[in-house]
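# Summary of the model geometry
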Amino acid sequence: MPNKKSLRLDRFLSNQLNISRNDAKELIKKRLVTVNGETAKLFDMKTDPLTDKVVSEGKEVLYRKHIYIMLNKPAGVVCATRDRLSETVLELIPEELRREGLFPAGRLDKDTVGFVFITDDGELAHDLLSPKKHVSKRYFAILEKPVTEGDIKAFAEGITIDGGEKCLPAELEPSEKPGEVFITLHEGKYHQIKRMAEAVGNRVVYLKRISIGGLMLDENLAEGQCRELTESERITISPSPI
């Protein structure tokens, strides 16, 4: 029986190296690819990505079914796969991490900074964004005015924002400095924190997402930088076993 996990060599190279299928064929044609120590000669030869050792131009090509990236988004960049007017989060991904099908799992406003999760794993992204999963997102915010005990209670009970939308209960935690707070949401409505602040007579001056699903933004990542998640981090951010 054929191995259901096997892939054409040119497709494997294209997916893992983020190159076109024609470029992958060119590598094979130039005898620059080996499979288990043997020079590859056929574009369509079958390879098992889990067991075969594929080397291209002297470097081993490691198989990753999906890729999971933590990005520290700067202000002015939009959470989209493409935009005609503004730079997108995908344009910040370095060449070695790019691959077909990448997208931001969830959005931040253009002027909001912090943790954006980027992947090509649609199933995991669906779970993270599903209202039924209630995956927490934690933010640091600077508000125009200090919060009151009434604000904290209103957030905890679930605020009704403009348009009559009822928000799920959220945690509003004042910091030591007046106006600086931590906010934890369990859903993701449009401009939600800004609208919640307005509902209690306040205004957001600065907003940064610092965690998703219990996974904290790496403090060593400068704005605009990104890195792959480790295996343990990937498990941490997942709301269900993967």
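No experiment lies behind these values; they were computed from the predicted model shown.

### Quick word on the overall build of the chain
- The secondary structure content of the chain amounts to six helices and 17 strands.
- For a compact globule of 242 residues, the expected C-alpha radius of gyration is about 18 Å, and the chain comes in at 22 Å, more than 25% above that figure.
- Here the C-alpha coordinates of the chain stretch approximately 70 × 40 × 30 Å along the principal axes.
- Burial status across the chain gives 44% buried among its 242 residues.
- By sequence separation, contacts in the chain at least 24 residues apart represent 61% of the contacts at least 6 residues apart.
- In the structure as shown, the chain presents an accessible area of about 13,700 Å², 50% of it carried by carbon and sulfur atoms.
- Placing the 38 positive and 39 negative side-chain charges of the chain at their respective mean positions leaves the two points 6 Å apart.

### As for empty space enclosed by the protein
- This structure, assessed with the given rule, holds one cavity of 30 Å³ or more.
- Forming the boundary of the largest cavity are Leu143, Val147, Asp151, Phe155, Leu172, Ala197, Val200 and Asn202.
- Looking at the lining of the largest cavity, its residues break down into six nonpolar, one polar and one charged.

What counts, and at which threshold
- Residues numbered from 1 in each chain as written.
- Predicted model: local features only at pLDDT ≥ 70, side-chain atom pairs only at ≥ 80, totals over all residues.
- Heavy atoms only, no water.
- Helix = DSSP H or I, 4+ residues; strand = E, 2+ residues; numbered from the N terminus.
- Rg over C-alpha atoms; globule rule 2.2 N^0.38 Å.
- Buried < 20%, exposed > 50% of the residue type's maximum accessible area, 1.4 Å probe, protein only.
- Contact = heavy atoms within 4.5 Å.
- Areas by Shrake-Rupley, 256 points an atom, 1.4 Å probe, with all protein chains shown as cover.
- Lys, Arg positive; Asp, Glu negative; His and termini not counted.
- Charge placed at Lys NZ, Arg CZ, Asp CG, Glu CD.
- 1 Å grid on protein atoms, 1.4 Å probe; cavity = no way out; pocket = protein on both sides within 12 Å on 5 of 7 lines; lining within 4 Å.
- Points joined across faces, edges and corners; volume = space filled by probe spheres on them.
- Nonpolar A, V, L, I, M, F, W, Y, C, P; charged D, E, K, R; others polar.

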